[in-house]
Amino acid sequence: MTTFGVVFRPQLPPERLRAVARLADETGIEELWLWEDCFLEGGVSTAAAALAWTERVRVGIGLLPVPLRNVAVTAMEAATLERLFPGRAVLTVGHGVQDWMGQVGARADSPLALLGEHLDALRALLRGERVSVRGRYVRLDDVALDWPPPHPVDVLAGGTGPRTLRLTGEKADGTLLTATTSVDGVRRARRLAEEGRRAAGRDGHHRVVVYLLAATGAGAADRLRAELAAEGVASVPDVGVAGDAAEVAAAVRRLAEAGADTVVLQPTADEPDPEGFVRFAAERVRPLLP
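About the thresholds
- Residues numbered from 1 in each chain as written.
- Predicted model: local features only at pLDDT ≥ 70, side-chain atom pairs only at ≥ 80, totals over all residues.
- Heavy atoms only, no water.
- Helix = DSSP H or I, 4+ residues; strand = E, 2+ residues; numbered from the N terminus.
- Rg over C-alpha atoms; globule rule 2.2 N^0.38 Å.
- Buried < 20%, exposed > 50% of the residue type's maximum accessible area, 1.4 Å probe, protein only.
- Contact = heavy atoms within 4.5 Å.
- Phe/Tyr/Trp six-rings, centres within 6.5 Å; stacked < 30°, edge-to-face > 60°.
- Pairing = 2+ DSSP bridges.
- Right-handed = clockwise from strand over helix to strand, strands pointing away.
- Core = buried A, V, L, I, M, F, W, Y, C linked by side-chain atoms within 4.5 Å.
- Axes fitted to C-alpha atoms, helices over the stretch in contact; angles between N-to-C directions.
- Parallel < 35°, antiparallel > 145°, perpendicular 65-115°, else oblique.
- Left-handed = near helix turned anticlockwise from the far one by under 90°.
- Nonpolar A, V, L, I, M, F, W, Y, C, P; charged D, E, K, R; others polar.

Trainee: Tell me about the overall build of the protein chain, and please be specific about residues and values.
Mentor: Scanning the protein chain for helices and strands turns up ten helices and eleven strands. Relative to the globule expectation of 19 Å for 290 residues, the C-alpha radius of gyration of the protein chain, 18 Å, shows essentially globular dimensions. The dimensions of the protein chain, computed from C-alpha atoms along their principal axes, are 55 × 40 × 40 Å. Looking at the 290 residues of the protein chain, the share that counts as buried comes to 54%. Counting only contacts in the protein chain whose residues sit at least 6 apart along the sequence, the fraction spanning at least 24 positions is 74%.

Rendered as structure tokens:
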């Protein structure tokens, strides 16, 4: 069964989140995903608020840029969310947009090395281990969480390039893919993550989450086309979908068949009715999915 979700985009003001989160919770949406895009809204603060306003929906943060955070702070935030809202917060970390990282003086010479060191230390801290490490970027001296999660917490990592995708398989518990990922791109990402997983001697299932840019209603095709052009992927096949519930559900199924465990509908930045989009996803698309 495909896990199904929707995105609350930070192009909306933070005060709109409460209504969208509650609607997602009430209508049976399984996951609500939030972004930490510079310089819009904080991922942890919005996730905590959404979790507090709701009862059952899982809330994903996709993603926290590791150059912006000391790994001990990331671990503290993740552990706190897990203890306050057991099993409902989904944490994802990643490189962040390099231009944005440069704007705040946090750009790393080797984003791949930083992400690998961050993942190793973060997952160890969340396991309740006491960590000392002197890496190229991550340095901890006898650090342990006083309030670690009582149960294992999965940590996902975002990626697009082949080296990062292999790294997500090697060091993370799942991979988050952007809405510019085609059906073939999902297959490729799954293969590369599994290569990394095998190389690291890891077993168990590796979760793949992918955003699907979707538009419905009046002007849907034009809104989708404009956003794909802005992202530079207008000519890439099988990216995004515009249409009715049946067409959107078919696009979700194609991504699931390609290897996605979770498909998250991402509205266009100019979606005129965010609450209506959530209702459309929950009441019209979800019943058409396995």
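Trainee: Outline the packing of aromatic side chains, supporting the account with residue identities and numerical values.
Mentor: For the structure shown, the criterion picks out two aromatic pairs. Ring centres 6.2 Å apart and planes at 80° place the aromatic pair Trp-33 and Tyr-211 in the edge-to-face group. With Trp-33 in strand 2 (residues 31–34) and Tyr-211 in strand 9 (residues 207–215), this residue pair connects regions lying 178 residues apart in the sequence. Tyr-211 matches Trp-33 in its accessibility class, with the two residues each being buried. Measuring from centroid to centroid gives 5.9 Å for Trp-35 and Tyr-211, while their planes differ by 45°, and the two rings are tilted. With Trp-35 in the loop between strand 2 and helix 2 (43–53) and Tyr-211 in strand 9, this residue pair connects regions lying 176 residues apart in the sequence. The pair formed by Trp-35 and Tyr-211 is uniform in burial state, with each residue classed as buried. Taken together, the aromatic side chains of Trp-33, Trp-35 and Tyr-211 make up a single cluster linked through ring pairs.

Trainee: Would you mind going over the pairing of strand 9 in detail, with residue names and values included?
Mentor: Most of strand 9 is tucked away: nine of the nine residues are buried. Alternating positions in strand 9 separate into two faces, Arg-207, Val-209, Tyr-211, Leu-213 and Ala-215 on one and Val-208, Val-210, Leu-212 and Ala-214 on the other, with burial throughout. For strand 8 (residues 174–177) and strand 9, the ladder comprises four bridges, and the chain directions are parallel. Bridge assignment links Thr-175 to a residue of strand 9, and that residue is Val-208. Handedness of the crossover joining strand 8 and strand 9 through helix 7 (residues 183–199) is recorded here as right-handed. By the bridge criterion, six bridges tie strand 9 to strand 11 (residues 262–267) in an arrangement that is parallel. Residue Val-209 lies in a different strand from strand 11, and its bridge partner there is Thr-262. The pairing of strand 9 with strand 10 (residues 241–242) spans two bridges and is classified as parallel. What sits directly across from Ala-214, in strand 10, is Val-241.

Trainee: Quick one: what's the story with the nonpolar core, residue by residue and with numbers?
Mentor: Leu-32, Leu-126 and Leu-265 are the most contacted members of the largest nonpolar core, which totals 77 residues. Considering each element in turn, this core owes the most residues, eight residues, to helix 5 (residues 111–126). Dropping the residues within four chain positions of it, Leu-265 is found in contact with Phe-4, Gly-5, Val-6, Val-7, Leu-212, Ala-214, Val-248, Val-252, Phe-277 and Ala-281. By size, the runner-up hydrophobic cluster in this structure holds 17 residues, among which are Val-7, Trp-33, Ala-179 and Val-209.

Trainee: How would you sum up the packing of helix 3 (residues 71–84) against helix 5? Please name residues and give values.
Mentor: In a pair of packed helices, the angle between the axes and the distance between the axes together describe the arrangement. Put simply, helix 3 and helix 5 touch, their axes get as near as 9 Å, and they point 40° apart. Considering their axes alone, helix 3 and helix 5 lie oblique with respect to each other. Between helix 3 and helix 5 lies a crossing of right-handed hand. Residues Val-71, Ala-72, Thr-74, Ala-75, Ala-78 and Ala-79 of helix 3 form the contact with helix 5, whose participating residues are His-118, Ala-121, Leu-122, Leu-125 and Leu-126. The residue makeup of the contact of helix 3 with helix 5, split by class, is nine nonpolar, two polar and no charged.

Trainee: Can you lay out unusual backbone geometry for me, pointing to particular residues and giving the numbers?
Mentor: With an omega of 0°, the peptide bond between Cys-38 and Phe-39 qualifies as cis. Here Phe-39 lies in the loop between strand 2 and helix 2. Cis geometry is adopted by the peptide bond preceding Leu-63, which originates at Gly-62 and carries an omega value of 10°. Here Leu-63 is to be found in strand 3 (residues 58–65). Its identity is not glycine, yet Asp-142 carries a phi of approximately 60°, on the positive side. As for its position among the elements, Asp-142 is in strand 6 (residues 139–143). The phi dihedral of Asp-238 is positive, around 60°, even though this residue is not glycine. Along the chain, the position of Asp-238 falls in the loop between helix 8 (220–230) and strand 10. Judged by its relative accessible area of 47%, Asp-238 is partly exposed.

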